[in-house]
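Summary of structural features
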Amino acid sequence: MTLATHHLDLAITNAKILTMTSDRPVVRALGTRGGRIAVVGEDREVLAHATSATRVVDARGATVIPGLVDGHAHLDREGLRDVFASMEGLRTVEAVLDRISSLAAGAEPGQWIVTMPLGEPPYYEGEQPFPTRFQLDRVAPRNPVFIRPIWGYWRHSLPLRSVMNGLALEALGPDGIRACESWAEFERDPVSGELNGRVNEHTFEPSVEFLLPQSAGRFGEEARRSALLRSMRTYNASGTTGIYEGHGVADEVGAVYRRVASLSELTVRARLPLSLPWADATDIERAHLRAARVSAVAGDGEGDEMLRFVGVSLGSTHSSPGVHVRRKARPYTGWAGFDPGSSLDPAELLPELVECARAGVQVAAMTPDMLSVFELVDRAIPIAGLRWVLGHINVLTPADIDLIRRLGLIVTTHTNRYIYKEGREGEKRAAETGGVPVPLRSLLSAGVPVSLGTDNVPTSLFGPIWHAVSRESRSGRLDSQHERIDRYQALRAATIGGALLTFDERRRGRLEPGMQADLAVLSDDVLAIGEAHIPSISAVMTVVAGRVVHDPDGLAGQGSSSW
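Here's what I pulled together on the structure shown here.

Analysis parameters
- Residues numbered from 1 in each chain as written.
- Predicted model: local features only at pLDDT ≥ 70, side-chain atom pairs only at ≥ 80, totals over all residues.
- Heavy atoms only, no water.
- Axes fitted to C-alpha atoms, helices over the stretch in contact; angles between N-to-C directions.
- Helix = DSSP H or I, 4+ residues; strand = E, 2+ residues; numbered from the N terminus.
- Parallel < 35°, antiparallel > 145°, perpendicular 65-115°, else oblique.
- Left-handed = near helix turned anticlockwise from the far one by under 90°.
- Contact = heavy atoms within 4.5 Å.
- Nonpolar A, V, L, I, M, F, W, Y, C, P; charged D, E, K, R; others polar.
- Pairing = 2+ DSSP bridges.

Some words on the packing of helix α6 (residues 221-236) against helix α7 (residues 251-262)
Where α6 contacts α7, the two axes come as close as 10 Å, and the packing angle between them is 65 degrees. One way to sum up the angle between α6 and α7 is to call them roughly perpendicular. Crossing of α6 over α7 shows right-handed handedness. Side by side, α6 and α7 meet where E221, E222, R224, R225, L228, L229 and M232 of the first sit next to E252, V253, V256, Y257, R259 and V260 of the second. Looking at side-chain class alone, the contact of α6 with α7 contains 7 nonpolar, no polar and 6 charged residues.

Notes on the sheet that holds strand β1 (residues 10-13)
Note on sheets: strands pair through backbone hydrogen bonds, and any given pair is parallel or antiparallel. In spatial order, the strands read β5-β4-β1-β6; together these 4 strands make up an open sheet with mixed pairing. Both edges of this open sheet fall to β5 (36-41) and β6 (55-58), since each of them pairs with a single strand only. Strand-to-strand twist of the sheet, defined as the mean angle between neighbouring strand axes without regard to direction, takes the value 15 degrees. Bridge count for strand β4 (residues 29-33) against β5 is 5 bridges, and the pairing is antiparallel. Note on β5: the bridge partner recorded for T32 is I37.

Description of the sheet that holds strand β9 (residues 113-115)
The 5 strands lie next to each other as β9-β10-β11-β13-β12, forming an open sheet whose pairing is mixed. Looking at strand neighbours, the two that pair on one side only are β9 and β12 (184-188), the edges of this open sheet. Adjacent strand axes in the sheet meet at a mean angle of 20 degrees, parallel and antiparallel pairs treated alike. Summarising the sheet, β12 and strand β13 (residues 195-201) pair through 4 bridges and their orientation is antiparallel. Note on β13: the bridge partner recorded for E185 is N200. Contacts from helix α3 (residues 93-105) reach β9 and β10 (145-147), with the element oriented near 135 degrees to β9. Across the sheet, helix α5 (residues 166-179) touches β10, β11 (160-164), β12 and β13, and the angle it forms with β11 is around 120 degrees.

Pasting the structure below:
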């Protein structure tokens with residue numbers, strides 16, 4: 001199989017290449033030209049098109065797969081973990097105070113000292129050594145100190161805990177404390193009754209920080225750009241070459257993507273639905289959003305093969321506590337990256353979704369109750385063919401699956417939560433409804449396209465692939481073993497399934513001539529390695545648009561000398 005009429009830019013030989021096609025599912029070699037796959041086959045077939053200008057890589061028997069597509073990535077969020085001082089590995093209050101003291105020694109008086117949360121990523125679980133404001137005041141008397149809370153969906157348990165010293169509490173002020181008293185508890189010293197600096201937020205989206213001065217630990221444009229570059233390197237390292245952001249991106253984050261793309265720095269293909277401020281918009285403003293913003297991302301959307309804004313994320317009927325504070329901070333979005341006013345109550349949501357359907361706009365939804373809302377939209381304007389997205393699927397009944405099929409939806413998963421972290425608990429809840437948590441085999445058997453997603457906790461799609469294959473939670477194997485899928489099906493969901501999300505299946509997801517040259521050379525054979533070791537698979541080389549973007553061991557440095 002070949003499209004090559006000139007020399008190849010890159011040739012990979014001596015490999016086990018899983019093409020994800022039916023006619024030649026496994027080949028030994030492939031070649032790329034101009035960012036696309038030009039030829040696949042045996043070594044001799046590919047090397048026949050090589051010249052002295054071709055970079056030839058001997059894969060030494062390694063498995064090669066199409067680049068993975070993360071169906072719910074939060075790519076921009078990963079690199080933000082490195083913006084502020086790390087608190088990893090600090091297991092005593094004394095160690096925390098030593099770290100703050102060191103930071104204070106290098107800070108100007110009055111300069112904010114802001115750190116990452118206490119605990120160990122990605123989940124930040126277990127007991128953390130939280131100091132008090134009085135202890136922080138002793139080691140940093142001239143600087144406001146803020147030890148940030150986690151993004152709550154990393155752990156999925158409340159409260160979210162943070163600490164401020166005296167100067168930080170002064171900056172927040174009594175008005176700030178009153179503004180968040182309905183969802184945040186400010187602890188007090190049991191003897192003096194004074195605020196002790198510890199804050200417990202009963203919301204998954206930390207919001208107290210939005211009431212602090214802008215100099216107190218906000219992610220600026222340059223910090224977000226640098227973070228996005230770091231994020232892409234992390235995702236590339238596990239073979240991810242494309243992402244879809246089911247929650248959508250607010251304008252603040254979209255602008256950073258545009259800037260990175262304009263500098264040709266993208267190493268992950270990004271498909272970004274818009275996250276817009278519907279809840280705070282007047283009728284006139286909503287009409288403007290539909291005409292000026294939503295219409296631009298109808299169909300294939302707006303952009304190119306590396307960055308495309310496509311559809312909208314307008315699929316939730318509730319917001320977490322503290323949303324009014326986060327809305328006032330717009331355009332800043334903090335950890336979220338999506339607009340805090342993108343959720344609407346059902347009465348307001350339905351007509352907006354009908355207009356999206358009428359305009360041919362893809363819509364992504366994040367909460368289970370949206371399935372019934374989608375059904376109402378379909379009665380007004382049929383949505384089959386628009387590939388609306390039902391994300392973060394959890395418990396589904398047979399009737400739900402049938403409705404998903406009839407509406408032509410695509411589903412994305414959050415197996416890191418609903419299988420691995422909450423699997424046993426989810427099965428108990430599912431038993432009450434007659435459903436099954438994350439019923440992947442039933443969905444695929446019904447013909448529903450499935451895309452795997454990480455939700456950024458952690459970032460490698462080989463975790464979700466393992467969850468889908470093993471249905472094993474951290475507390476043991478789930479009872480719903482009949483919903484296991486095989487490794488090849490899971491790999492299809494992580495490649496072709498991701499491409500289907502945004503009508504890209506004719507451009508990527510398979511390794512055959514004419515397709516985009518996105519691929520990963522793996523550390524281990526995903527089809528043969530022991531099941532328990534699947535999550536540990538990484539990429540030894542990752543290629544996007546024919547360009548090597550990850551090669552820590554210099555595999556591609558062999559040049560043309562090996563042929």
